[in-house]
Amino acid sequence: MVSFDILKSRSRESQIDRMAEVLGKKKAVVIGGDLNIGIRSRHMKTLLSKLNVTHHHSTHDHKHLRTFPAIKPQRRIDWILTSPHLGVSDYRTFPHRVSDHLAVGTTVSL
């Protein structure tokens, strides 16, 4: 069993490699949750590339998509990533505190 420490770069790389190994040949992929990485992170670029997924924007001001910390969100580090051919609508951040992050949600269609 491999031990992961999300604060260590090598652990993140191992997690991404493992996800690519398991999900790489799937026709449609949806990944969501607390990834603890920003859009400009090299880990995000690697994740998007290796899993052939994309991130989505809202039609609203992008400040509304910030998720951390939940009290006064300053960073967007929670994501829903999908295969490019999937439709995504209503991408949003929910205002209710569920942890130290705000939750994100969307509607995904084929």
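Before reading further, recall that the structure is shown in the block above.
Here is a short report on the structure shown in this document. Note that the structure is a prediction, hence the values are computed from the model and not measured.

Secondary structure summary: the protein contains two helices and four strands in total. Along the protein, helices (α) and strands (β) appear in the sequence α-β-α-β-β-β when read from the amino end. Counting every position in the protein, which comprises 110 residues, the buried fraction comes to 32%. When the accessible area of the protein is evaluated, it comes to approximately 7,400 Å², of which 54% is carbon and sulfur surface.

To continue, consider the nonpolar core. The tendency in soluble globular proteins is for nonpolar side chains to be buried as a group. Within the largest apolar cluster, 16 residues are counted, with the highest numbers of intra-cluster contacts made by Met-44, Leu-47, Leu-51, Val-53 and Leu-81. Those elements that place two or more of their residues in this core are helix H1 (9-23), helix H2 (42-51) and strand E2 (78-82). Among the elements that line this core, the one with the most residues is H2, at four residues. Look past the residues within four positions of Met-44 in its chain and what remains in contact with it is Ile-37, Gly-38, Ile-39, Trp-79 and Leu-81.

The next thing to look at is unusual backbone geometry. Of note, the bond from Phe-68 into Pro-69 is cis; its omega dihedral lies within 30 degrees of zero at -10 degrees. Look at Asn-52: it is not a glycine, yet its phi comes out positive at around 50 degrees. On the secondary structure map, Asn-52 appears in the loop between H2 and E2. Even without glycine at this site, Asp-90 takes up a positive phi of about 60 degrees. Topologically, Asp-90 is positioned in strand E3 (residues 87-97).

Scoring rules and cut-offs
Residues numbered from 1 in each chain as written. Predicted model: local features only at pLDDT ≥ 70, side-chain atom pairs only at ≥ 80, totals over all residues. Heavy atoms only, no water. Helix = DSSP H or I, 4+ residues; strand = E, 2+ residues; numbered from the N terminus. Buried < 20%, exposed > 50% of the residue type's maximum accessible area, 1.4 Å probe, protein only. Areas by Shrake-Rupley, 256 points an atom, 1.4 Å probe, with all protein chains shown as cover. Core = buried A, V, L, I, M, F, W, Y, C linked by side-chain atoms within 4.5 Å. Contact = heavy atoms within 4.5 Å.

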